[in-house]
Protein chains: 2
Amino acid sequence: MQANRATPPAPSAQALVPFVSVAEIMAIIHRIGLKPALMDLTDRIAADFRRWPDFDKTPRVAAHSPIGVIELMPTSDGARYAFKYVNGHPANTKAGLQTVTAFGVLSAVDTGYPLLISEMTMLTALRTAATSALATRTLARPDSRVLALIGNGAQAEFQALALQAVCGIDTVRLFDTDPAATAKCARNLAESGLMLIPCTSAEAACEGADVITTCTADKRLATVLHDNMIGAGVHINAIGGDCPGKTELAPAILSRAETFVEYEPQTRIEGEIQQVGADHPVTELWQVLGGQAPGRRDAQAVTLFDGVGFAVEDFSALNWLYDQIQPGGTMLDVIADPDDPRDLYGMLQRAR
Amino acid sequence: MQANRATPPAPSAQALVPFVSVAEIMAIIHRIGLKPALMDLTDRIAADFRRWPDFDKTPRVAAHSPIGVIELMPTSDGARYAFKYVNGHPANTKAGLQTVTAFGVLSAVDTGYPLLISEMTMLTALRTAATSALATRTLARPDSRVLALIGNGAQAEFQALALQAVCGIDTVRLFDTDPAATAKCARNLAESGLMLIPCTSAEAACEGADVITTCTADKRLATVLHDNMIGAGVHINAIGGDCPGKTELAPAILSRAETFVEYEPQTRIEGEIQQVGADHPVTELWQVLGGQAPGRRDAQAVTLFDGVGFAVEDFSALNWLYDQIQPGGTMLDVIADPDDPRDLYGMLQRAR
């Protein structure tokens, strides 16, 4: 607290918010190692899911346009608040842009001040893979070793590596409607230790698979998996269908599978279960983790994780990232912090 | 599109988003001049209000805690999308922090990519003052010259200067329950050309006022203005009451005044009109600007702008700011932009 002074003050520590750029998050991931990071993040998401009732939950706030969607995904546990901004524009790929980009913010609930601003395209890829790994660890047969990976785009390698690191997958059967995507994925995973089997159809990819992950990107009611491709005992992570009008599974699969979701009100709108009645039984994954609901019934059951991505996962990821940042990173002067909080105008005057 | 290469690429132009820090927005305001900036912004908000039906509108998305609120305020006109993050924590002042801080983002709807990330504490102060100026220009008697400014905190000087620049106010009667705030405000406005009259009560401040602006900060049902303080022909900008449980006016004033609001569904929750029935008649300000509804009835009427701050004003402000930024400012590497959009993992590998 003071009166006018001659020189504009430098931003105070309270004015500065750590910023994690794309380059910085990649450096953090390499420092930790991608697989340890995916394992950490899986455990962090599991821990937050176990205390699910602590979180304020709301379906995402979406702004739809004819060619895409921009969404805000906020949540809070009463101590910290997080939100993610994420877009989904399938036509972006043709223009050399990302279909999905994201950034987000972590804040302190007691002051409302941001603690961290971060890129979240890369972080979302990690948390989406970690969430599939968590669902698979919770719902798949423990002896699952073979993954069919349908859709070999931007999310594919992260899915394969998370399921290898967390669930013991050792073989990945790859398929994409574009063989170049499969080749890209196989090339990127060449040194992963996974046995890689490129396939020429989704049917072929599913042969002998214990776990099937679908992560395709087309925004339409595409049928990536048909009922006859799903053998007894399989676990499915259907993560590419994540908005109204975008699904991947034939409805007949839903009638056979035990369906698990993140947050039912959101998944009813965005998930595979938008294809079936609102009374289709589902179990929220957190209930299985916390022992409030059964998971897989037996080794013959088909389990389905109808994943759409939920704000609590981003909350977990941002809190995980906040614990990884070290001094010396980028700080943004984003909070106007006058010496006297009531004297915003005086701060502006002194900056002249 | 290419295969692996040896060195990590520098972030592409598509990866970089302009960032306007607190220091940078202050430099921009000084380059333009505060009063011209307030006048520009008033006209920009007026233009956007006139095309009100173009905007997607929703009440803000609020996360309440016992000591404050964190809100997201999104809107879009179909070509651009904007949101603001803003907190409200009255106890922050005692800790030397701002009650309200804000930042925001402007994006392109066709790609979902952000165009601008900006501090918005300073920008919100400007747009709030510009909105009051717009309401005053639209609703007050044209010969209004004397402003009573009740609440002399962070918003006060901006209100006084906007009403001087836009509406021809030449005299400001100041009152705050804390005389130090009034002294701060008078000191800051000493060279503004306004005649300043510090007063020892709200009643005294209102004597002879043509326009009354209340911008107090206590989060409680405080009564800043009583009915007997409001003479015939006065225009009131009640802008400090902006969330459930926070109001400034005695209900009797509402029954006498013609009430104008930004976006009725939000103001019913947050504004002065939360004190009266849901059938209390109000007019949205944009309807007056567009000629769809009458404004002030006659020179004797009391008009009330029950301002709570709406996302369209932030949209206007971010678009205005976007037009002011020049090359050489801060760019943030916030968008992961691999050469092949499907090869996010390859981008991560190459950054090792």
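For chain A, an unreviewed UniProt entry supplies the name Ornithine cyclodeaminase and the organism Pararhodobacter marinus.

**Considering the relation of the copies chain B and chain A**
It takes a turn of 180° to lay chain B on chain A, together with a shift of 0.0 Å along the axis; the resulting RMSD is 0.0 Å. The transformation just described matches what one would write down for a two-fold rotation axis. In this assembly the copies share their binding face: 99% of the residues contributing to the interface of chain B also contribute to that of chain A.

**Some thoughts on the domain arrangement of chain A**
Residue and element names in this part refer to chain A. Domain annotation for chain A reports domain 1 (13–122 + 313–341) and domain 2 (134–309). With 22 residues of domain 1 in contact, the opposing surface of domain 2 contributes 24 residues. Between domain 1 and domain 2, the buried area comes to about 2,100 Å², and carbon and sulfur atoms account for 67% of it. When residues of domain 1 are sorted by the area they lose upon contact with domain 2, Lys35, Trp52 and Arg60 head the list and together hold 25% of the total.

**Regarding the packing of helix H2 (residues 34–50) of chain B against helix H4 (residues 156–167) of chain B**
All names here are of chain B. Two elements in contact, H2 and H4, have axes whose closest approach is 9 Å; the angle formed by their N-to-C orientations is 75°. Put simply, H2 runs roughly perpendicular to H4. Across the interface between the two elements, Leu34, Lys35, Leu38, Met39 and Thr42 of H2 pack against Phe158, Leu161, Ala162, Gln164, Ala165 and Val166 of H4.

**Let's talk about the interface of chain B and chain A**
Taken together, the 73 residues of chain B in the interface contact 72 residues of chain A. Interface of chain B and chain A: buried area, both sides summed, is about 6,800 Å²; carbon and sulfur atoms make up 68% of it. On the chain B side of the contact with chain A, Arg342, Tyr345 and Leu348 of chain B bury the most area, a combined 11% of that side's loss. Taken together, chain B and chain A are joined by two salt bridges. When the shortest N-O distance is used, the salt bridge between arginine 342 of chain B and aspartate 178 of chain A registers 2.6 Å. Along the contact surface separating chain B from chain A lie 32 residue pairs in polar contact (both at pLDDT 80 or more). It is helix H11 (residues 344–350) of chain B that provides the largest number of residues to the side of chain B that touches chain A, a total of six residues. Taken together, the residues of the side of chain B that touches chain A sort by class into 42 nonpolar, 20 polar and eleven charged.

**Focus: the sheet that holds strand S6 (residues 114–119) of chain A**
All names here are of chain A. Across the sheet, seven strands lie side by side as S2-S3-S4-S5-S6-S1-S17; this open sheet has mixed pairing. Each having just a single partner strand, strand S2 (61–65) and strand S17 (330–333) make up the two edges of the open sheet. Between one strand axis and the next, the sheet turns by 20° as a mean value, whatever way the strands run. Helix H3 (residues 121–139) rests against strand S3 (68–76), strand S4 (80–88), strand S5 (102–108) and S6 of the sheet, and its axis sits at about 90° to S6. Seen against the sheet, helix H10 (residues 311–324) touches strand S1 (16–20), S3, S4, S5 and S6 and runs at an angle of roughly 115° to S4.

**Looking at the sheet that holds strand S9 (residues 195–198) of chain A**
Residue and element names in this part refer to chain A. Spatially, eight strands are ordered S9-S8-S7-S10-S12-S16-S14-S15 in an open sheet, and the strand pairing comes out parallel. In the strand order of this sheet, the two ends are held by S9 and strand S15 (283–284), each with one partner. Pairing analysis gives four bridges linking strand S8 (residues 171–175) to S9, with the strands arranged parallel. Paired with threonine 171 across the strands is methionine 195, a residue of S9. Against the sheet, helix H5 (residues 179–188) engages S8 and S9, with an angle of about 155° to S8.

**A look at the environment of threonine 214 of chain B**
Residues and elements named next belong to chain B. Mapped onto the secondary structure, threonine 214 falls in strand S10 (residues 211–214). A residue is classified by how much of its surface remains accessible, and threonine 214, at 0% relative accessible area, is buried. Those residues in contact with threonine 214 that sit more than four places away from it in its chain are Ile150, Val224, Leu225, Asn237, Ala238, Ile239, Gly240, Glu248 and Leu249. At 2.6 Å, the side chain of threonine 214 forms a polar contact with the side chain of glutamate 248.

**Observations concerning the pattern of salt bridges**
Two side chains bearing opposite charge may form a pair once their charged atoms approach each other closely. Across all of its chains, the model carries 40 salt bridges over all chains by this definition. A salt bridge links aspartate 314 of chain B to lysine 84 of chain B; its shortest N-O distance comes to 3.0 Å. Of this pair, aspartate 314 of chain B sits in helix H10 (residues 311–324) while lysine 84 of chain B sits in strand S4 (residues 80–88), and the two are 230 residues apart along the sequence. Like lysine 84 of chain B, aspartate 314 of chain B is buried. One network of salt bridges, in which partners are shared, links Asp48, Arg51, Asp54 and Asp77 of chain A.

**Remarks on H5 of chain A**
For H5 of chain A, the complete set of buried residues consists of Ala181, Thr182, Lys184, Cys185 and Asn188 of chain A. All buried residues of H5 of chain A fall inside an arc of 160° around its axis, so they share one side. Structurally, H5 of chain A contributes buried residues whose contacts are with helix H4 (156–167), S8 and S9 of chain A together with H11 of chain B. N-capping of H5 of chain A is provided by aspartate 178 of chain A, with a side-chain oxygen placed 2.9 Å from the backbone N of alanine 180 of chain A.

**Section: the side chain of arginine 268 of chain A**
Residues and elements named next belong to chain A. Tracing the chain through its elements places arginine 268 in helix H8 (residues 264–270). A polar contact of 3.4 Å, which involves the side chain of arginine 268, links it to the backbone oxygen of glycine 277. In terms of polar contacts, arginine 268 uses its side chain to reach the backbone carbonyl oxygen of alanine 278, at 3.3 Å. In this structure, arginine 268 is in contact with Ile273, Gln274, Gly277, Ala278, Asp279, His280 and Val282, ignoring residues within four places of it in sequence.

Definitions and limits used
- Residues numbered from 1 in each chain as written.
- Chains lettered and ligands numbered in written order.
- Predicted model: local features only at pLDDT ≥ 70, side-chain atom pairs only at ≥ 80, totals over all residues.
- Heavy atoms only, no water.
- Least-squares fit on C-alpha atoms with pLDDT ≥ 70 in both.
- Contact = heavy atoms within 4.5 Å.
- Domains from an automatic or database assignment.
- Buried area = accessible area lost by both parts, 1.4 Å probe.
- Axes fitted to C-alpha atoms, helices over the stretch in contact; angles between N-to-C directions.
- Helix = DSSP H or I, 4+ residues; strand = E, 2+ residues; numbered from the N terminus.
- Parallel < 35°, antiparallel > 145°, perpendicular 65-115°, else oblique.
- Salt bridge = Lys/Arg side-chain N within 4 Å of Asp/Glu carboxyl O.
- Polar contact = N/O pair within 3.5 Å; in protein donor to acceptor, adjacent residues only side chain to side chain.
- Nonpolar A, V, L, I, M, F, W, Y, C, P; charged D, E, K, R; others polar.
- Pairing = 2+ DSSP bridges.
- Buried < 20%, exposed > 50% of the residue type's maximum accessible area, 1.4 Å probe, protein only.
- Arc of directions from axis to C-beta.

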